[in-house]
Each structure stands twice: as structure tokens, then as C-alpha cells.
Amino acid sequence: MAMPPMGGRMPPNYQRPKPPASIKDLPRYLKEVFGGFFKRFFYILKLVWNTGHWIPLLLAFVALFKGVTPVIGSLISQRILNSLQAVIQTGPQPESTFRSSPILYLLIALIVYRLLILVVNNISSALNRIAGEKVVKEVKEQIMTKSKEIDLASFDNAAFYEKMENAEREAGHRPLHILTQTLGIISSVIELISFMVVLLSAPGLSWITFVVIGVSIPSAIINFVYRRKNFRYMRFSSKERRQMNYFSGVLVDKDLVKEVRLYDLADSFIGRYFTAFKAYYKGLRKLILTEGAWQVFFSVITGVTNLVFYIMIAKRVFTGEFQIGDYTLYTGAIASVATSISTLIASTGTIYEGTLFIDNLIAFMNEKQTIIPCCQPAEQVTHGAEHTIEFQDVSFRYPGTRKDVLQNVSFTIQPGQTLALVGLNGAGKTTLIKLLTRLYDPTAGRILLDGKDLKTYDIKSLYQTFGIIFQDFGKYALSVKENIQLGDIHKEGSMETVAYAARQSTAGDYIDKLPRGYDTPLMRIFEQDGLELSIGQWHKLAIARAFYANSDIMILDEPTASLDPMAEQEIFNQFDQLRNNKTTVFVSHRLSSATIADQILVIEHGQLIEKGSHRELMAQKGKYYDLFTTQSKRYVTQEGEGNNRVLQDNCNK
Ligand code: ADP
């Protein structure tokens, strides 16, 4: 009998319909339960149909075939046995008559029947595997295509994120499974009806049909109830199960292994795993044991009633009322009726639960995109030109939070200018860059590019305007060359262009020393000889990517956080020389870098508190002056005279 999957996660998106408050409320409840079920079910059907029309048609054919064949097989066997019994009763027959006896034809029919089952089963299981792969690909493709347009804000929402992860993990294999199960119900119904007809048409045995059904139903219901209980238990214990996964995962996590070893954390995490397991296992054991007790109870009842029926049928063979083939047919029919009822009830539960998971996919696919052009036709950015950027009274609050991260920020960047954003951690600098690049929209105020609201621009055209290196820039398990080329995948860049970008970022220095140079695979995820770069080397590669992109506006968010001060200064000076008068915005916690900027914005708690050039701000003796003098003192004491000279050189420019 098909058992619903154990240990499945409850879809977090699923809202259980509110139970009916009164009998009058029952239609509402049923409508919600069944309406929701059919909505999900048709979604699945459409999805599988779109993957390949042949898939649901094949599944339906197999379901019908599996429903009809058992009774045909039983009837053929009955006839064979009855014919053999007739021979025994009439006495031995000459061998020559065997050819014309019905036994031969029945045996041929049985062989053909078995062959047919074998062929259909093998073909359908091969096609099922192909269909499974195709459906997974279809769902993944839908998810990947959709994820291209999901707002960044949605990724900040924990519930959405979980929904997306679940859709990714679950939605691939579920649809086909649910469809197979549903069509399996058709098989069970056909099988049930056909064997009921057999029993009902048996002289004097029709009442047995109802007793068999009567005995099977409670057992099947118990099965169904416990599947649901298990399912709910898995949902309620999801925290413990996630903890178990997390704690066991910590011990094999590549990034954590150093700390786990050096701080001797392994036993502590193993202990935590056991604690979580104990909490999870306690309730589960009780469930398994009580279900087991019920199953034993019903098995005994089923066993005893079956024994009574078998004796009754055998007695009729004994008295000559039935033939031996009838015995096998009717006892088989009793077993088949019971099994079909159990399968029917269990599958219904499984299908219902299975469709709930699809809610994640439906919700994910229906997620509305807000970062789109406000008006049609959308504006195109004039690429290759110089640009003006203007923030007009911009405020911003992350979705689902209560505090403005930026408040009434206004400033203008003239074409070709360099702007430095300065401020303590958490001041709002990265957020400002996310707004400038329209990864988010301001909650109030406007941002203009070349005099037009960012919202009027075509998104692709807008994004191509920026060459950006984030603090948490991407590290890709590709070759060195490919990592640089990702800066602009539309460009058919030659090796010279790649190497030129690498030299600009100074990454070329270490790349030239690699045995396989620009073809060196990075990270040891796929390739044994993959190279693990230091964080500073990765950073230089990310900067090379930005140079390669050769975008109109360069943005560097803490571009030098993982570089030593000398390397930082080298990159900044290089950057300043090579940026070709492109508008540049950078965030750096090392103020020596800010000195090269035409304009410096000092941000504190989301507010723009000072604005001006290095000289102007130093003369103001405000926050910038404080930050700068504190840092330069530290340079003198910590970094030595060499660095201080670089700093002073820049300041004196
Ligand atoms: P900075 O770049 O100056 O260090 P950020 O712009 O990264 O600062 O962050 C500004 C504030 O916004 C911080 O308080 C941070 O916690 C908050 N913040 C950043 N990202 C998010 C987010 N995705 N959701 C909610 N709050 C965020």
C-alpha cells in the first residue's frame, strides 16, 4: 500500500482553513478545503501538461491499465484452475486432445497478460523517470526565470525566502508524484469496483463484500489519521529537525571546520544534536508505537474475518458448490477489495498534503515585481556618455522594518566627479548605493539620472550603466578569465581585454604567476586543481571585473576592505588614473582613499551631515575632521611612516 512520505516539511506558506464554527459554517470550510485543493491540483496538472502533453496521457493510460488488469488476471487464473479441476473430475484425457482444450488457450492468454503487464510496467517506469527529470527541469527553469525578476526587497523577507527555498527544494519532484498518486486513485477505484462486482456476483457471497468493506474502512481511516498526525508532528518538530540538520552540518562545513577544530567544538555540537534529537524522537516514538498498536488490532480483526471467509469458501469447494478456481478468485477478491480501500484512503491524504507544498511554488510565481519602469515606453540610458546623478530628499526604510535607514538625503554628482561616502558601520552607505542602482526604490524622495527619475528607465539599460563591486562581491567557481568576463557577459572580450582589466586592478600580478594563468579554475568545488584565492586576491579580481565592464558609472563599496593599506592605496591611485573621468562613487572606511574624491558625503545614522571636498571638510573641523585625524594618528602609530607618507601625499594633492 502506498504510504505518504514521512518527515516532509509542512509548507510554511500554507494557511490551514479555519475550522467551521458551526454547522452553518461548514459549506465555507469545505469550499476552502476543496477549492484550495482543486486550485493547487489544476496548477500541477497544467504544469505537467506544459512540460509534455504525453506525460499526463501516459500516466492516465497506466492508471487505467493497472486498474483493469488485476481482475482480468484473476478471472483467467480462475478459468485455468476450474478447467484443470474438470479434467481431474472426468479422469485422464489423451494427450492429443490437449491442443484443442480451453486450458491451452487460457494459458496462452495468461502468458500474454503477464507479458503485457511486464512490457507496460517497464516502458511506463522508464518514461516515468524521463517525465520526472523533465518536470524537475521545467519547475527549476520556471523558478530560475522568475528569480531574475524578483525584487531584492523580497529576498530580505524571511518568510518569502523560506518560500523560495521550499519551492526550489520541493516543487521539482512533487508535481509528478502527486499526479501519479491521483491517477493511482483511479486504478484503485477500478480495481475496487471490479472485485466488488466479482464478489457480489458470487452466489451467496454478496454480503461478504460489505463485511470486507466494513472491516477495511476503520483500518484505512486509522492509517490516514496517523499519516496526518505524522505530518503535523513533523511540522511541529520542524525546529528540532532543522537544529539537527544544522548541528550535524556544522561539523562538516568547510568554512567552519577551522574554528570547530581549534575551539574543540565538535563534542559540543554533537551534544546539541542529541538534545534536539531527544526532543524530536520523544513524540515520534509515541506516535509510531500507538499507530503500531492500532495496526496490530486491526490486523487481528482482518485476519480473523478473512479466516472465517476463507473457511466458508473452502467449505463450498468441499461440498462441490464452488470449484477450485472460484476459491482463488474469491479469496483474492476479498484481499483486493481491502487493499484498494486502504490505498484509496491513504492516497487521498498524501495527495492533499502534497498539493499543499505546491503553494510555495504558486506564491513564488505570483510574487509581484515592483522594480519595473514606471511608464512605457521606458527611457534608455545613453551609454558611453557622462552622467549626472541627483538625490532629492531621499528617505528609505527596509521593507518590514520600522526605522528609516536614510533620511532626507540630497546631493548631486556632476558628470565625471568622484564621490566618496564616509561614515561608521551601519550609517547607511551601502543602502544609498542600493538605491542609486535601483535595487530598491526610495520610500520618499526621488533619484534622478541625467535629470530623469530612475524609475522611468528600462531596468536592463539602467543596470548596464553601473559597474559595481559590492562588499560581498561574488566569488564564482569558474576560471580566472571567466570571473573577470562576468563583468559584462554580452561583450565578446578578447584575452587582451581581460588581461588589461586584470592589470588595471593589479590582479594581473598574481594571475601571471599561476601555472595555468587565466585558465586556472577557481575554488575546489568542481576541480581537484581548483585554486583557493586569498580574500585580497578575490577582491582584486572583483575590481578587474568592474574595469572589464567598463561601465559609465563605477561604484566601489568598501572596495579595499580586505586589502592591506599599501595595496589599497595602489588600487585607488590606479583607479583614479584609469577611471577615464567616469563618474565614480566609492565607500571606504579608510579615509585616506576619500582624499582623492571631488566630493565627500559624511553619513551618520542615515543622515547626510557633511558634504564637501577633503579640504573643505577638514577646514570645517566637524565629524570628517575628527574621523580623519583619528585614523591618520592610527596610521602613524600602527602602519608606520611609509603608509603615513602615502596618506599625506594624497591629502596634499
Ligand atoms: P553601511 O554600509 O553604512 O555600513 P548599511 O547601508 O549596510 O550601512 O546599513 C544601514 C542600516 O540598514 C543598518 O542598520 C543595517 O542593519 C540596516 N540594513 C541593511 N540591510 C538591511 C536589510 N536588508 N534589511 C533590513 N535592514 C537592513
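Residues numbered from 1 in each chain as written. Predicted model: local features only at pLDDT ≥ 70, side-chain atom pairs only at ≥ 80, totals over all residues. Heavy atoms only, no water.

Brief notes about the layout of surface pockets
In this approach the atoms are scanned with a rolling probe the size of a water molecule, which exposes any empty space left behind. If you add up the space inside the largest pocket, you get close to 1,800 Å³. At the level of secondary structure, the elements contributing two or more residues to the lining of the largest pocket comprise α3 (102-149), α4 (152-156), α12 (429-436), α13 (459-463), β6 (466-469) and α17 (535-549). When residues are assigned to domains, the lining of the largest pocket turns out to be shared by domain 1 (23-239 + 280-365) and domain 2 (389-465 + 552-651), each giving three or more. (1 Å grid on protein atoms, 1.4 Å probe; cavity = no way out; pocket = protein on both sides within 12 Å on 5 of 7 lines; lining within 4 Å. Points joined across faces, edges and corners; volume = space filled by probe spheres on them. Helix = DSSP H or I, 4+ residues; strand = E, 2+ residues; numbered from the N terminus. Domains from an automatic or database assignment.)

Observations regarding helix α11 (residues 324-365)
End to end, α11 covers 60 Å across 42 residues, agreeing with the expected 62 Å (1.5 Å per residue, within 8%). Most of α11 is tucked away: 34 of the 42 residues are buried. (Expected span 1.5 Å × (residues − 1). Buried < 20%, exposed > 50% of the residue type's maximum accessible area, 1.4 Å probe, protein only.)

Regarding the pattern of salt bridges
Scanning the entire structure with this criterion turns up 7 salt bridges. Residues Arg397 and Asp404 are paired through a salt bridge, measuring 2.9 Å at the closest nitrogen-oxygen approach. Residue Asp404 is classed as partly exposed on the basis of its relative accessible area of 23%. (Salt bridge = Lys/Arg side-chain N within 4 Å of Asp/Glu carboxyl O.)

Remarks on the sheet that holds strand β5 (residues 452-453)
Spatially, 4 strands are ordered β2-β1-β4-β5 in an open sheet, and the strand pairing comes out antiparallel. Strands with a single pairing partner mark the edges of an open sheet, and in this sheet they are β2 (406-413) and β5. Bridge count between strand β1 (residues 389-396) and strand β4 (residues 444-449): 5 bridges; the pairing is antiparallel. Bridge pairing in β4 places Gln392 opposite Arg446. Strands β1, β2 and β4 of the sheet are contacted by α12, whose axis makes an angle of about 120 degrees with β1. (Pairing = 2+ DSSP bridges. Contact = heavy atoms within 4.5 Å. Axes fitted to C-alpha atoms, helices over the stretch in contact; angles between N-to-C directions.)

Some words on a nonpolar patch on the surface
On the surface, a nonpolar cluster with roughly 600 Å² of combined accessible area is contributed by Ile23, Leu26, Leu30, Phe34, Phe38 and Phe42. With relative accessibility at 38%, the residue Leu30 sits in the partly exposed group. (Patch = residues over 30% accessible without salt bridge, like charges linked within 9 Å, V, L, I, M, F, W, Y side chains within 5 Å. Areas by Shrake-Rupley, 256 points an atom, 1.4 Å probe, with all protein chains shown as cover.)

Thoughts on the domain arrangement of the protein
Along its sequence, the protein is carved into domain 1 (23-239 + 280-365) and domain 2 (389-465 + 552-651). Computed from C-alpha coordinates alone, the two centres of domain 1 and domain 2 are separated by 64 Å.

Considerations on the nonpolar core
Among the nonpolar cores identified, the biggest contains 53 residues, and Tyr330, Val337 and Phe364 are the most heavily contacted of them. Listing elements by their share of this core, those giving two or more residues are α1 (26-51), α2 (54-90), α3, α5 (158-170), α6 (174-200), α7 (206-236), α10 (266-318) and α11. For this core, the element with the highest residue contribution is α11, accounting for 16 residues. Among residues more than four places away in sequence, those in contact with Val337 are Leu192, Phe195, Met196, Leu199, Val212 and Ile213. (Core = buried A, V, L, I, M, F, W, Y, C linked by side-chain atoms within 4.5 Å.)

Structural notes on the packing of α6 against α11
Orientation of α6 relative to α11, taken along the N-to-C sense of each, is 155 degrees, at an axis distance of 8 Å. Accordingly, the angle class assigned to the pair α6 and α11 is roughly antiparallel. Between α6 and α11 lies a crossing of left-handed hand. Its residues placed into classes, the contact of α6 with α11 shows 19 nonpolar, 12 polar and 2 charged. (Parallel < 35°, antiparallel > 145°, perpendicular 65-115°, else oblique. Left-handed = near helix turned anticlockwise from the far one by under 90°. Nonpolar A, V, L, I, M, F, W, Y, C, P; charged D, E, K, R; others polar.)

Here's the deal with the packing of aromatic side chains
Here the distance between the centres and the angle between the planes together describe a pair of aromatic rings. If you walk through the whole model with that rule in mind, you get 20 aromatic pairs. Both rings, one in Trp294 and one in Phe298, keep their centres 5.9 Å apart while their planes meet at 20 degrees; by these two values the pair is stacked. Residue Trp294 and its partner Phe298 are located together in helix α10, separated by 4 residues, close to a single helical turn. Trp294 gets classed as partly exposed once you look at its relative accessible area, which sits at 37%. When the centroid spacing of 5.2 Å and the interplanar angle of 50 degrees are considered together, the rings of Phe322 and Tyr330 count as tilted. (Phe/Tyr/Trp six-rings, centres within 6.5 Å; stacked < 30°, edge-to-face > 60°.)

With respect to the sheet that holds strand β9 (residues 599-604)
What the 6 strands build is an open sheet, ordered β6-β7-β8-β3-β9-β10; its pairing is mixed. The two strands at the open ends of the sheet, each matched to only one other strand, are β6 and β10 (607-612). Recorded for the sheet is a direction-independent mean angle of 15 degrees between the axes of neighbouring strands.

Some details on the site of the ligand
As a matter of local geometry, the ligand sits amid 13 residues, with Gly426, Gly428, Lys429, Thr430 and Thr431 nearest to it. Side-chain polar atom of Tyr398 to a nitrogen atom of the ligand: 3.4 Å apart, as the coordinates give it. Interatomic distance of 3.1 Å between a backbone N/O atom of Ala427 and an oxygen atom of the ligand. In isolation the ligand has 560 Å² of accessible area, and contact with the protein removes 65% of it. Sorting elements by how many residues they give to the shell around the ligand places α12 first, with 4 residues. Of the residues that constitute the shell around the ligand, the class distribution is 4 nonpolar, 6 polar and 3 charged. (Near = heavy atom within 4 Å. Polar contact = N/O pair within 3.5 Å; in protein donor to acceptor, adjacent residues only side chain to side chain.)

Examining unusual backbone geometry
Trans is the common state for peptide bonds, and a negative phi is the common state for residues other than glycine. A cis amide bond links Gln376 to the next residue, Pro377, at an omega of -5 degrees. Summarising the element assignment, Pro377 is placed in the loop between α11 and β1. A positive phi angle, close to 55 degrees, is found at Asp264, a residue other than glycine. Tracing the sequence through the fold places Asp264 in the loop between α9 (257-262) and α10. On the basis of relative accessible area, Asp264 is assigned to the exposed category, the value being 59%. Phi is positive for Asn408, close to 45 degrees, though the residue is something other than glycine. Counting through the fold element by element, Asn408 comes out in strand β2.

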